[in-house]
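Here is what each chain is made of, one letter per residue.
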Amino acid sequence: MKREVVGLKFFFRNGETWTIGKEHIGDLWIKQITKSFGRIGGSDFQEIHPCESLRIEIAQEADHVHTDDINLGGLELGMFERATQYPDIEMMDILYKDATHPKSDVVVDTDRVYFPYKAKDVDGNDNEHQSSHIKDGFLYIVIDPEKTVKDIYADKF
């Protein structure tokens, strides 16, 4: 089966999710995805894929939630405002469809990618490494231990 990316699904620390179709994604760079194996306590061995950083540009058309996403704040604020007010994106799934069936939009496979996360305070909800900004109908998000959204997208602001 040949896989084709159809979108990304972001997971927030509080359990909310946000699915974005690839047609609403402009600039995207996921830096240095690696593979790790681990076991915590007596759990099963797990394969995880941490990355070094993420940068993404998202078009205004994605500022909504899908009915299968779990959203509390996103329904009230819109996802752009939610992502800028609460910097708590932990991970994402890269969503794939079967490219041998071009008319199908059924997700047949995913790859989960974990982002760098450092808690800003004792409650641990906000990520010190995440920054975002809305400009001209686009949301820009950067999750990076060394750079902010204004460093990466300086030409946009």
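Rules used throughout
Residues numbered from 1 in each chain as written. Predicted model: local features only at pLDDT ≥ 70, side-chain atom pairs only at ≥ 80, totals over all residues. Heavy atoms only, no water. Pairing = 2+ DSSP bridges. Helix = DSSP H or I, 4+ residues; strand = E, 2+ residues; numbered from the N terminus. Axes fitted to C-alpha atoms, helices over the stretch in contact; angles between N-to-C directions. Buried < 20%, exposed > 50% of the residue type's maximum accessible area, 1.4 Å probe, protein only. Core = buried A, V, L, I, M, F, W, Y, C linked by side-chain atoms within 4.5 Å. Phe/Tyr/Trp six-rings, centres within 6.5 Å; stacked < 30°, edge-to-face > 60°. Lys NZ or Arg CZ within 6 Å of the ring centre and 35° of its normal. Salt bridge = Lys/Arg side-chain N within 4 Å of Asp/Glu carboxyl O.

A.B. asks: Lay out the sheet that holds strand β3 (residues 25–31) with the relevant residues and their values.
C.D. replies: Neighbouring strands of a sheet are bound in pairs by backbone hydrogen bonds; such pairs are parallel or else antiparallel. Taken together, the 4 strands give an open sheet; going across it, the order is β3-β6-β10-β9, and neighbouring strands pair in antiparallel fashion. The open sheet is flanked by β3 and β9 (130–135), the only strands paired with a single partner. Recorded for the sheet is a direction-independent mean angle of 10° between the axes of neighbouring strands. As defined by bridge partners, β3 adjoins strand β6 (residues 53–59) across 5 bridges and the pair is classed as antiparallel. Counted as the bridge partner of Ile30 is Leu54 from β6.

A.B. asks: Got a sec to walk through the pairing of strand β10 (residues 138–143)? Specific residues and values, please.
C.D. replies: Here β10 lies mainly inside the structure; 5 of its 6 residues are buried. For β6 and β10, the ladder comprises 6 bridges, and the chain directions are antiparallel. Paired with Leu54 across the two strands is Ile143, which belongs to β10. As paired strands, β9 and β10 are joined by 6 bridges and run antiparallel to one another.

A.B. asks: For the nonpolar core, give the residues involved together with the corresponding values.
C.D. replies: Core analysis: the biggest nonpolar cluster contains 23 residues, and Phe10, Trp18, Ile56, Ile58, Phe115 and Ile141 have the highest contact counts within it. Those elements that provide at least two residues to this core are β1 (3–12), β2 (17–21), β6, α2 (79–85), β7 (89–98) and β10. In terms of residue count, the dominant contributor to this core is β7 (4 residues).

A.B. asks: Can you lay out the packing of aromatic side chains for me, pointing to particular residues and giving the numbers?
C.D. replies: Enumeration according to the criterion identifies 6 aromatic pairs in this entry. Taking 6.3 Å as the distance between ring centres and 40° as the angle between the ring planes, the aromatic pair formed by Phe10 and Trp18 counts as tilted. Just as Phe10 is buried, Trp18 falls in that class too. Arranged with centres 6.2 Å apart and planes meeting at 65°, the rings of Trp18 and Phe80 form a pair that is edge-to-face. With Trp18 in strand β2 and Phe80 in helix α2, this residue pair connects regions lying 62 residues apart in the sequence. Residue classification places Phe80 among the buried residues on the basis of a relative accessible area of 2%. Its guanidinium or amino end placed over the ring of Tyr96, Arg3 lies 3.8 Å from that ring's centre, counting from NZ or CZ. Directly above the aromatic system of Phe12 lies the positively charged group of Arg82, at a separation of 3.9 Å from the ring centroid.

A.B. asks: Kindly report on the sheet that holds strand β8 (residues 107–114), identifying the contributing residues and their values.
C.D. replies: Strand order in the open sheet formed by 4 strands is β2-β1-β7-β8, and the pairing between neighbours is antiparallel. Among the strands making up the open sheet, the edge pair consists of β2 and β8. Each strand of the sheet is rotated relative to its neighbour by a mean of 25°, with strand direction disregarded.

A.B. asks: Let's hear about the pattern of salt bridges: which residues, and what values?
C.D. replies: Inspection of the entire model under this criterion finds 11 salt bridges. With its nearest N and O atoms 3.1 Å apart, the salt bridge here joins Lys31 to Glu52. Here the residue Lys31 occupies a position in strand β3, and Glu52 occupies one in the loop between β5 (46–48) and β6, the gap between them amounting to 21 residues. According to the relative accessible area criterion, Lys31 is partly exposed, its value standing at 35%. Measuring nitrogen to oxygen at the nearest pair gives 3.7 Å for the salt bridge that ties Glu128 to Lys118. Taken together, the residues span a long stretch of sequence, with Glu128 in the loop between β8 and β9 and Lys118 in the loop between β8 and β9 at a distance of 10 residues. Classification of Lys118 by relative accessible area gives partly exposed; the value is 41%. It is possible to trace a salt-bridge network through shared partners that takes in Arg3, Asp109 and Asp111.

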